[in-house]
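Next come the chains, spelled out residue by residue.
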2 protein chains.
Amino acid sequence: MSEQTDAENQNGDNGKITAALLVIGDEILSGRTKDKNIGTIADHLTDVGIQLREVRVVADEEVDIVAAVNALRKENTYLFTTGGIGPTHDDITADCVAKAFNVSIDVDQRAVDVMRAKRPDMELNEARLRMARIPDGADLIENAVSGAPGFMLDNVMVMAGVPSIMQSMLAAVTPRLKTGKKMMSVTLEVKRPEGAVAGPLGRIAETFPDVSMGSYPYYIDGNYGTNLVLRSTDAARLEAAEAALKKELTDTGLID
Amino acid sequence: MSEQTDAENQNGDNGKITAALLVIGDEILSGRTKDKNIGTIADHLTDVGIQLREVRVVADEEVDIVAAVNALRKENTYLFTTGGIGPTHDDITADCVAKAFNVSIDVDQRAVDVMRAKRPDMELNEARLRMARIPDGADLIENAVSGAPGFMLDNVMVMAGVPSIMQSMLAAVTPRLKTGKKMMSVTLEVKRPEGAVAGPLGRIAETFPDVSMGSYPYYIDGNYGTNLVLRSTDAARLEAAEAALKKELTDTGLID
């Protein structure tokens, strides 16, 4: 059976539900494939009140994958992985996760059954049977697109790298997760460079240490501007911080 | 002065020039901003023969940034960072890098001079002077877009997160880097699902252990296909592997 992370780690710091994402694949690091999953997963986790705390991208190398799985699953409530669960020789994620948990892995009849049910005409050759290798003790995660499932072992969710399949798996596994208070946000656009608004923003950030405040400059067609983003799980505090920031920006002549 | 990483680490494993990338910013982890730099930097490093071995994305938290900087700079020839060098209270990358190297940091006259030269009409208020804070012993990296420079400290390149500015800094710093043999690649498209080509590909991969072989499935409009990508720094070996793979795919009836 799998190791259990202790209750404190399961809940992350301050009782928040936290997550890490491990993206696995040489093709992302070489630039050949441009990752499309990080942004999707970040949005989704924010929507359901899980705080994404770290992302790592590693190559298809056993030692790197095992080390990253073990580091990230222990530091967070959940670890999601994408990539490396296809049928080819460089698809080693399932074996690496089994190794990280020190459990055995073999072709899983439940996985074979869902693959046959989804695509009855497909020959289950040796390569395709690789996709049915599931670590001992894991639950399957449905793949509504192409059949071959992902899996959830303890607090680790192993998903495909192909974006449409990953999205199907993420939707399938979310009801099994503990979720947190939804993060709300307010954005104020100021048509001035970041250096002009940093002072006022910093003063309001000091007054509202419980409201996260970020500043995102842009430079378009020769014009500088800055989006100020306030984030909190508490609607009343968010509203108060927004009002205070608007007043500060008005008083300093940065907005009308 | 900065610590020096030893010669072995400077060269990575097997004499390869290696790099890691650290993306810094809450906005990437919340999903608010979709990263555009990972793919650009991956492509660029591949082009100049530097192997990108790992990417991490962390929040604007000192303890996380310092730990990641120290882990990644010691394991790779180079570490690139993006984000967190603007004028606001959450821009703490320069201070964190100084802390990671245990060197002091202060407003740097060279940085003030280039900022004044680039934008003579801009008031250098307290917030903007934050952008001139450079760790002791670092060299500046030119920012042709908006003036405020990045910096290079030992083997760590600290760059902006705004893509246009990052690209300007990456171009400026590349001539100072050791670069390696350029990686070449060949792609073969097979209009069959990955599970059908995995066997033949695996056999050729065993015959050519020095040529990296990846398999990238796609699923478009109900049709499965797979791109097979061979990569090597040795043109003759790449050509031999391509010929062997084409023969194997032809012999097994997967391509004409």
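Use the structure listed above.
Computed from a predicted structure; not experimentally measured.

### Notes on the sheet that holds strand E8 (residues 156-159) of chain A
Move 1: With respect to topology, 12 strands assemble into an open sheet ordered E6(A)-E7(A)-E8(A)-E3(A)-E1(A)-E2(A)-E2(B)-E1(B)-E3(B)-E8(B)-E7(B)-E6(B), the strand pairing being mixed. With one partner strand each, in any of the chains shown, strand E6 (139-141) of chain A together with strand E6 (139-141) of chain B form the two edges of the open sheet. Here the average twist between neighbouring strands, direction ignored, is 20°.
Move 2: Taken together, the seven bridges between strand E1 (residues 18-24) of chain A and strand E2 (residues 51-58) of chain A define a ladder with parallel strand orientation. Looking at the pairing, A:Leu21 lines up with A:Val55 of E2(A).
Move 3: Along the sheet, helix H5 (residues 93-101) of chain A makes contact with E1, strand E3 (78-82), strand E7 (150-153) and E8 of chain A, crossing E7(A) at roughly 5°.
Move 4: Of the strands in this sheet, E2 of chain A together with strand E1 (18-24), strand E2 (51-58), strand E3 (78-82) and strand E8 (156-159) of chain B touch helix H4 (residues 62-75) of chain B, which is tilted by about 175° from E2(B).

### Re the packing of aromatic side chains
Move 1: A full pass over the atoms with the stated rule returns zero aromatic pairs over all chains.
Move 2: In this structure, A:Arg73 packs its charged tip against the face of A:Phe101, placed 3.8 Å from the ring centre.
Move 3: Taking NZ or CZ as reference, A:Arg119 lies 4.2 Å from the ring centre of B:Tyr224, over its face.

### Points about the relation of the copies chain B and chain A
Move 1: Relative to chain A, chain B is turned by 180° and slid 0.0 Å along the rotation axis, the superposed coordinates differing by an RMSD of 0.0 Å. Taken together, the rotation angle and the small translation identify this as a two-fold axis. Residue B:Arg56, judged by its C-alpha, is the member of chain B lying nearest the rotation axis, at 2.2 Å.
Move 2: Mapped onto chain A, 100% of the interface residues of chain B are again interface residues, and the two copies thus contact each other with one and the same surface.

### What to know about helix H8 (residues 163-173) of chain A
Move 1: For H8(A), the set of buried residues is A:Ile165, A:Met166, A:Ser168, A:Met169, A:Leu170 and A:Val173.
Move 2: Those residues of H8(A) hidden inside the fold are in contact with helix H3 (37-47), E3, E6, E7 and E8 of chain A.

### What to know about the environment of B:Ile50
Residues and elements named next belong to chain B.
Move 1: Along the chain, the position of Ile-50 falls in the loop between helix H3 (37-47) and E2.
Move 2: C-alpha of Ile-50 to C-alpha of Lys-182: the two residues are 132 residues apart in sequence and 7.9 Å apart in space.
Move 3: Once you skip the residues sitting within four places of it in the chain, Ile-50 turns out to touch Ile-17, Thr-18, Ala-19, Leu-45, Tyr-78, Leu-177, Lys-178 and Thr-179.

### Concerning the packing of helix H9 (residues 194-207) of chain B against helix H10 (residues 235-251) of chain B
All names here are of chain B.
Move 1: Following both chains from N to C, one finds H9 and H10 inclined at 150°, their axes separated by 10 Å at the closest point. By the angle class used here, H9 and H10 are roughly antiparallel. The chirality of how H9 crosses H10 is right-handed. Every residue of H10 that contacts H9 at Pro-200, Leu-201, Arg-203, Ile-204 and Thr-207 is listed here: Arg-237, Ala-241, Ala-244, Leu-245, Glu-248 and Leu-249.

### Looking at the side chain of B:Glu194
Move 1: Its location among the elements puts B:Glu194 in helix H9.
Move 2: For the buried B:Glu194, no salt bridge is present, and the opposite-charge side chain at shortest range is A:Arg128, 8.8 Å distant.
Move 3: Apart from residues no more than four positions distant in its own chain, B:Glu194 is found in contact with A:Gly86, A:Pro87, A:Thr88, A:Asp91, B:Ser215, B:Tyr216, B:Pro217 and B:Thr226.

### Let's talk about the sheet that holds strand E11 (residues 223-232) of chain A
Residues and elements named next belong to chain A.
Move 1: Ordered by their spatial adjacency, three strands build an open sheet running E9-E11-E10, and the pairing between neighbours is antiparallel. At either margin of the open sheet sits one strand with a lone partner, and together these are strand E9 (184-190) and strand E10 (212-220). On average, adjacent strands in this sheet sit at an angle of 20° to one another, irrespective of strand direction.
Move 2: The sheet contact formed by E10 and E11 spans nine bridges and is antiparallel. Directly across from Tyr-218, in E11, lies its bridge partner Gly-225.
Move 3: Lying over the sheet, helix H9 (residues 194-207) contacts E9, E10 and E11, oriented at roughly 170° with respect to E10.
Move 4: Strands in contact with helix H10 (residues 235-251) are E9, E10 and E11; relative to E9, the strand with the most contacts, it is inclined by about 10°.

### So, the pattern of salt bridges
Residue and element names in this part refer to chain A.
Move 1: Throughout the structure, instances matching the rule amount to 22 salt bridges over all chains.
Move 2: A salt bridge links Arg-133 to Asp-95; the nearest nitrogen and oxygen atoms lie 2.6 Å apart. With Arg-133 in strand E5 (residues 133-135) and Asp-95 in helix H5, this residue pair connects regions lying 38 residues apart in the sequence.
Move 3: Between Glu-248 and Arg-203 there is a salt bridge, and its shortest N-O distance comes to 2.9 Å. On the criterion of sequence distance, the pair formed by Glu-248 in helix H10 and Arg-203 in helix H9 is long-range, its members being 45 residues apart.
Move 4: For Arg-203, a relative accessible area of 42% translates into the label partly exposed.

### Re the interface of chain B and chain A
Move 1: The interface is formed by 54 residues belonging to chain B together with 54 residues belonging to chain A.
Move 2: Together, the buried faces of chain B and chain A total about 4200 Å²; carbon and sulfur atoms form 55% of this surface.
Move 3: Here chain B and chain A share four salt bridges between them.
Move 4: Residue B:Arg53 is joined to A:Asp64 by a salt bridge in which the shortest nitrogen-to-oxygen separation is 3.8 Å.
Move 5: Our enumeration of links across chain B and chain A arrives at 10 residue pairs in polar contact (both at pLDDT 80 or more).
Move 6: The set of elements that each furnish at least two residues to the side of chain B that touches chain A consists of helix H2 (26-30), H3, E2, helix H7 (126-130), H9, strand E10 (212-220) and strand E11 (223-232) of chain B.
Move 7: For the side of chain B that touches chain A, the element with the highest residue contribution is H9(B), accounting for eight residues.

How each quantity is defined
Residues numbered from 1 in each chain as written. Chains lettered and ligands numbered in written order. Predicted model: local features only at pLDDT ≥ 70, side-chain atom pairs only at ≥ 80, totals over all residues. Heavy atoms only, no water. Pairing = 2+ DSSP bridges. Helix = DSSP H or I, 4+ residues; strand = E, 2+ residues; numbered from the N terminus. Axes fitted to C-alpha atoms, helices over the stretch in contact; angles between N-to-C directions. Contact = heavy atoms within 4.5 Å. Phe/Tyr/Trp six-rings, centres within 6.5 Å; stacked < 30°, edge-to-face > 60°. Lys NZ or Arg CZ within 6 Å of the ring centre and 35° of its normal. Least-squares fit on C-alpha atoms with pLDDT ≥ 70 in both. Buried < 20%, exposed > 50% of the residue type's maximum accessible area, 1.4 Å probe, protein only. Parallel < 35°, antiparallel > 145°, perpendicular 65-115°, else oblique. Left-handed = near helix turned anticlockwise from the far one by under 90°. Lys, Arg positive; Asp, Glu negative; His and termini not counted. Salt bridge = Lys/Arg side-chain N within 4 Å of Asp/Glu carboxyl O. Buried area = accessible area lost by both parts, 1.4 Å probe. Polar contact = N/O pair within 3.5 Å; in protein donor to acceptor, adjacent residues only side chain to side chain.

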